[in-house]
Amino acid sequence: MAEIDIRGVIASNDDAWIYRWFGYEATSPADVTRVLQEAGGEEVVVRINSYGGDVWSASEIYTSLRAYTGPIITVVTGLAASAASVILMAGKPVRASPTAEIMIHNPSMQAEGDYREMERARKELINTRNAILNAYELKTGLTRSTLRQMMDRPAWMTAQTAKRRGFIDEVLFAGDGDLEVEESEDAEAEGYESSSARAAALQIPSAAILRAEKRVWDELSPCAASIAEARRHRTCVRIDDTGSAKWHSIENAIISPLMQGMSDGALIETSGMPIEDKRPEKETKTETGGETPDQEEKRLLRERIRTLGA
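Asker: I'm lost on the overall build of the chain in this one. Help?
Answerer: Within the chain one finds 13 helices and 10 strands. The burial tally for the chain puts 40% of its 310 residues in the buried class. Across the chain, the fraction of contacts at a sequence separation of at least 24, relative to all contacts at a separation of at least 6, is 62%. Of the roughly 16800 Å² of accessible surface on the chain, 50% is carried by carbon and sulfur atoms.

Structure follows, in structure tokens:
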């Protein structure tokens, strides 16, 4: 049996590294695809505790799970909110901890411009909502009208409420009995929306990207006159074993462009692995056999990167 953890922000393959670099949990479609390929048709259990994120990345994960040739079991262990609730619908069966919650709501986006841009944004949001509705309708059997009303509120559901409405098939640890729910509690939950959960899922991507851009290219590339100049010289390296590549801010991606600007020249490191400097050493060692100016500058750069990246 293989296992997949859907935790933190649902992010694109391009953006997931940014969250991880800052210490945030993130899940990308590539993370899921890699496990499914290695599973080779055996049973896969997908555990979800996420407040959502990028809806298109969630759609890609949902599609990969539904297309998998073996059994897929999805389990919400804490929270399956927003885009994460779409992924939850891919399981057969779908299960939930008795302490878990599920939240569905209308998609959101940021838009800027005149009334025509606002109208285009409105239509895009409606199309995205209709696409999400397909996953909910296929799983629950509820009418689209009912689902739209739930998303407008939005709807927060306990495990037993989600089971009653068809979003999940089983409540873990419940045995043969049913958990009771007060109707007033259920109604109160439907009228509540967690602004912090929405902000975490929808605001962090752009904020994290801006922070990463500034931190990497302003602070770690002092030889560059601007962020644009630093981008032109950065090194493309592998950041995981999925084969995806990203302009990344790890040690070699920073040291290489900086060393490139040195007057005596330097080897450019592009493999993501340390390489040995084969150039003849300068006859500039100190009387005590210490570092050359070149070696000392490299060491100081590495120490600075480790300190800023801590």
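Asker: Please clarify how the pairing of strand β6 (residues 101–104) should be interpreted in this entry.
Answerer: Note that strand β4 (residues 72–81) and β6 share 3 bridges and pair parallel. Counterpart to A81 in the pairing with β6 is M103. Two strands pair when backbone bridges link them, and β6 and strand β7 (residues 155–158) are joined in this way by 4 bridges, in the antiparallel orientation. Paired with M103 across the two strands is W156, which belongs to β7.

Asker: Even after reading the chapter, I still don't get the nonpolar core, so can you show me in this structure?
Answerer: Nonpolar side chains in soluble globular proteins tend to be buried together. Within the largest apolar cluster, 46 residues are counted, with the highest numbers of intra-cluster contacts made by I4, V44, L65, L88, Y136, F167 and I168. Dropping the residues within four chain positions of it, Y136 is found in contact with S82, S85, V86, M89, I104, G141, L147, M151 and F167. Membership of the second largest hydrophobic core comes to 5 residues, among which are V9, A11, Y19 and A26.

Asker: Teacher, can you tell me more about the pattern of salt bridges here?
Answerer: A side chain of one charge can pair with a side chain of the opposite charge when the charged atoms of the two come close. Counting across every chain of the model gives 10 salt bridges. Linking R34 and D31 is a salt bridge whose minimum nitrogen-to-oxygen distance equals 3.8 Å. With R34 and D31 both in helix α2 (residues 29–39), this residue pair falls 3 residues apart, about one helical turn. Look at D31 and you get buried, because its relative accessible area is 15%. The partner of E117 in a salt bridge is R120, and the shortest N-O contact between them spans 2.4 Å. One end of the pair is E117 and the other is R120, both in helix α5 (residues 115–140) and 3 residues apart, which spans about a single turn. A cluster of three or more residues bridged by salt bridges with shared partners is formed by R20, D31 and R34.

Asker: For this particular structure, what's the right way to read the packing of aromatic side chains?
Answerer: The relation between two aromatic rings is expressed through the spacing of the ring centres and the mutual angle of the planes. Within this structure, the stated rule accounts for 1 aromatic pair. On the basis of an interplanar angle of 65° and a centroid distance of 5.8 Å, the ring pair of Y136 and F167 is categorised as edge-to-face. One end of the pair, Y136, is in helix α5; the other, F167, is in the loop between α7 (159–164) and β8 (170–171), with 31 residues separating them in the sequence. Residue classification places F167 among the buried positions, given a relative accessible area of 0%.

Asker: How should I be thinking about the packing of helix α3 (residues 55–67) against α5 in this particular structure?
Answerer: When two helices pack together, you describe them by how their axes are tilted relative to each other and by the distance separating the axes. Relative to each other, α3 and α5 sit at 30°, their axes nearing to 12 Å. The angle between the axes of α3 and α5 places the two elements in the roughly parallel class. Crossing geometry of α3 relative to α5 is assigned as left-handed. Two secondary-structure elements touch here, α3 through V55, W56 and Y62 and α5 through E124, T128, I132, A135 and L138. Here the residues of the contact of α3 with α5 sort into 6 nonpolar, 1 polar and 1 charged.

Asker: What is the right way to look at unusual backbone geometry in this model?
Answerer: Backbone phi values are negative for most residues with the exception of glycine, while trans is the configuration of most peptide bonds. The linkage connecting K92 with the following residue, P93, adopts the cis geometry, with an omega of 10°. Following the sequence through the fold, P93 ends up in the loop between α4 (83–88) and β5 (94–96). For the bond running from R153 to P154, omega is -5°, close enough to zero to count as cis. You can see P154 is positioned in the loop between α6 (144–152) and β7.

Scoring rules and cut-offs
- Residues numbered from 1 in each chain as written.
- Predicted model: local features only at pLDDT ≥ 70, side-chain atom pairs only at ≥ 80, totals over all residues.
- Heavy atoms only, no water.
- Helix = DSSP H or I, 4+ residues; strand = E, 2+ residues; numbered from the N terminus.
- Buried < 20%, exposed > 50% of the residue type's maximum accessible area, 1.4 Å probe, protein only.
- Contact = heavy atoms within 4.5 Å.
- Areas by Shrake-Rupley, 256 points an atom, 1.4 Å probe, with all protein chains shown as cover.
- Pairing = 2+ DSSP bridges.
- Core = buried A, V, L, I, M, F, W, Y, C linked by side-chain atoms within 4.5 Å.
- Salt bridge = Lys/Arg side-chain N within 4 Å of Asp/Glu carboxyl O.
- Phe/Tyr/Trp six-rings, centres within 6.5 Å; stacked < 30°, edge-to-face > 60°.
- Axes fitted to C-alpha atoms, helices over the stretch in contact; angles between N-to-C directions.
- Parallel < 35°, antiparallel > 145°, perpendicular 65-115°, else oblique.
- Left-handed = near helix turned anticlockwise from the far one by under 90°.
- Nonpolar A, V, L, I, M, F, W, Y, C, P; charged D, E, K, R; others polar.

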